[in-house]
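# Architecture and fold: a report
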Amino acid sequence: GLWGEVLSETNGTAVGHRETADGNDIVTFNGGPGMINDAFRGTLDTKGGDDTISILGPMWDATLNAGSGNNSIDVNAGYSMAVYGSTVSVADGDNTIRFASESETMVTSTLSMGDGNNTVHVSGGDGGVINNGVVTAGDGDNTITIDGDMARYALAGSTMTLGDGNNTIRME
């Protein structure tokens, strides 16, 4: 509905398929930073709306689809790889996406964004920030910020394709 749904999981591996209807959804998964055994695994599909998705802990071998709207996605994995072997897709809208880890941040994963003014912040620690990853964004004024201790390896083996617009890529 208009107000959306609230999904919340704590202390355990989320597996299987979770889906919400159109609306402004709030989804929280609290697996614990650095807990590989408590990683988010499976599929999350939030349809359309201005969705807020927060994952505290790693996202491994998972698929996250957020429909059109102004979505906010935050994955903070602590000492584990934040996004590994996963696909994150958002449709058209002004989306804000943040992946953070004290280790490698986005590994063998895909981030795909539709048209809109998308803001992405990928922050890593000891390892590379985006390794063997694919980042694509549609038309719009997109801002991609990559930072961390090993930012010099920020896009190792990776590709980034941004659509027409005033795009900004920052390496900090």
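The rules behind each value
Residues numbered from 1 in each chain as written. Predicted model: local features only at pLDDT ≥ 70, side-chain atom pairs only at ≥ 80, totals over all residues. Heavy atoms only, no water. Helix = DSSP H or I, 4+ residues; strand = E, 2+ residues; numbered from the N terminus. Buried < 20%, exposed > 50% of the residue type's maximum accessible area, 1.4 Å probe, protein only. Areas by Shrake-Rupley, 256 points an atom, 1.4 Å probe, with all protein chains shown as cover. Salt bridge = Lys/Arg side-chain N within 4 Å of Asp/Glu carboxyl O.

## Looking at the overall build of the protein
Looking only at helices and strands, the protein features zero helices and 18 strands. Each of the 172 residues in the protein was classed as buried or not, and the buried ones make up 47%. When the accessible area of the protein is evaluated, it comes to approximately 7,400 Å², of which 48% is carbon and sulfur surface.

## With respect to the pattern of salt bridges
Should their charged atoms come close, side chains of opposite charge can pair. Following the criterion strictly, the structure yields four salt bridges and no others. In this structure, Asp 61 engages Arg 41 in a salt bridge whose closest nitrogen and oxygen atoms are separated by 3.9 Å. On the criterion of sequence distance, the pair formed by Asp 61 in strand S6 (residues 59-66) and Arg 41 in strand S4 (residues 40-45) is long-range, its members being 20 residues apart. Classification of Arg 41 by relative accessible area gives partly exposed; the value is 27%. Salt-bridge contacts for Lys 47 lead to Asp 45; the nearest nitrogen and oxygen are separated by 3.6 Å. Among the ionic contacts, a cluster of salt bridges with common partners joins Glu 19, Asp 45 and Lys 47.

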